[in-house]
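One letter stands for each residue in the lines below.
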Amino acid sequence: MGQQEEDNKQLAKDMLDALSRADEEWVAKNYSEDFRIWVTGSLPFSGENDKAGALASMPAVLDLFPEGLTFTVKSMVAEGDSVAIEAASNGKTFRGDTYSQEYHFLMRARDGQIVEWKEYMDTEHARKVLVGE
């Protein structure tokens, strides 16, 4: 594996660490200006968004977890500008419900910044715990 792939894997790990500590400043700095995010499913936060939309919605998501939401990387595979990440998260919502989620993220990077982030998860669990449906 080349240096680009190693750097991109570190960027992916740093991204999940930033989300775990609710570091909106790090996220804003490391999203490219043409950043796109896509979340699977038909949840209120599903679909595609740009950098401004992703950053604007971040506080609402983080507010669901007053004690934080911790992300753990299980495995990563990098090729070229892409990193496939298998991860999990764990936290308690403001209602006291446990949120333990399994994810597959696909990140694309360019010049040390995140250009694209795709999020696949258990949408039924997210709907039940986060949306309350």
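In case you missed it, the structure is sitting above this.
Summarised in this report is the structure supplied together with it. Predicted model only: the values in this text are computed from it and were never measured.

Some remarks on the layout of surface pockets
- The space that makes up the largest pocket amounts to roughly 590 Å³.
- Forming the boundary of the largest pocket are 27 residues, of which Ile37, Val39, Ser57, Val61 and Glu119 lie nearest the centre.
- Of all the elements in the fold, those that place two or more residues in the lining of the largest pocket are helix 1 (3-20), strand 1 (31-39), strand 2 (47-50), helix 3 (51-63), strand 3 (69-79), strand 5 (98-110) and strand 6 (113-121).
- Among the elements that line the lining of the largest pocket, the one with the most residues is helix 3, at six residues.

A look at the pairing of strand 3
- Both strand 3 and strand 4 (residues 82-92) contribute to a ladder of 10 bridges, which runs antiparallel. Bridging across to strand 4, serine 75 finds its partner in glutamate 86.
- The hairpin turn running from strand 3 into strand 4, its antiparallel successor, is two residues long, and glycine 80 in that turn takes a positive phi close to 60°.

Let's talk about the nonpolar core
- Counting 35 residues, the largest nonpolar core has Ile85, Tyr99, Met107, Ile114 and Trp117 as its most contacted members.
- Here this core gets six residues from one element, more than from any other, and that element is helix 1.

A word on the packing of aromatic side chains
- This model, assessed by the stated rule, comprises seven aromatic pairs.
- With a centroid separation of 6.4 Å and an interplanar angle of 55°, the aromatic rings of phenylalanine 71 and phenylalanine 105 are classed as tilted. Of the two residues, phenylalanine 71 is situated in strand 3 and phenylalanine 105 in strand 5; the sequence distance between them amounts to 34 residues. Residues phenylalanine 71 and phenylalanine 105 agree in their burial class; the two are buried.
- Three or more aromatic residues link up through ring pairs in this structure, and these residues are Phe71, Tyr103, Phe105 and Trp117.

With respect to helix 3
- Its 13 residues place the ends of helix 3 19 Å apart at the C-alpha level, agreeing with the 18 Å of an ideal helix rising 1.5 Å per residue.
- Where helix 3 bends most, the angle comes to about 30°, and this point is serine 57, followed within four residues by the proline proline 59.
- Of the positions making up helix 3, those classed as buried are Lys51, Gly53, Ala54, Met58 and Leu62.
- Looking at the buried residues of helix 3, the elements they touch are helix 1, helix 2 (24-30), strand 1 and strand 2.

Here's the deal with the pattern of salt bridges
- Overall, the coordinates contain nine salt bridges when judged by the stated rule.
- Among the ionic pairs, arginine 110 bridges to aspartate 34, the shortest N-O distance being 2.7 Å. One end of the pair, arginine 110, is in strand 5; the other, aspartate 34, is in strand 1, with 76 residues separating them in the sequence.
- Residue class for arginine 110 comes out partly exposed when judged on its relative accessible area of 38%.
- Taking the relative accessible area as the measure of exposure, aspartate 34 reaches 42% and is therefore partly exposed.
- Salt-bridge contacts for glutamate 116 lead to arginine 108; the nearest nitrogen and oxygen are separated by 2.8 Å.
- We classify arginine 108 as partly exposed; its relative accessible area is 29%.

Here's the deal with the sheet that holds strand 3
- Pairing is mixed across the open sheet formed by six strands, whose spatial order is 2-1-6-5-4-3. If you trace the sheet from one side to the other, it starts and ends with strand 2 and strand 3, each paired once. Averaged over all pairs of adjacent strands, the angle between their axes in this sheet comes to 20°, without regard to strand direction.
- Note that strand 1 and strand 6 share five bridges and pair parallel. Counted as the bridge partner of isoleucine 37 is tryptophan 117 from strand 6.

What counts, and where the lines are drawn
Residues numbered from 1 in each chain as written. Predicted model: local features only at pLDDT ≥ 70, side-chain atom pairs only at ≥ 80, totals over all residues. Heavy atoms only, no water. 1 Å grid on protein atoms, 1.4 Å probe; cavity = no way out; pocket = protein on both sides within 12 Å on 5 of 7 lines; lining within 4 Å. Points joined across faces, edges and corners; volume = space filled by probe spheres on them. Helix = DSSP H or I, 4+ residues; strand = E, 2+ residues; numbered from the N terminus. Pairing = 2+ DSSP bridges. Core = buried A, V, L, I, M, F, W, Y, C linked by side-chain atoms within 4.5 Å. Buried < 20%, exposed > 50% of the residue type's maximum accessible area, 1.4 Å probe, protein only. Phe/Tyr/Trp six-rings, centres within 6.5 Å; stacked < 30°, edge-to-face > 60°. Expected span 1.5 Å × (residues − 1). Bend = angle between axes of the 7 residues up to and from the residue. Contact = heavy atoms within 4.5 Å. Salt bridge = Lys/Arg side-chain N within 4 Å of Asp/Glu carboxyl O. Axes fitted to C-alpha atoms, helices over the stretch in contact; angles between N-to-C directions.

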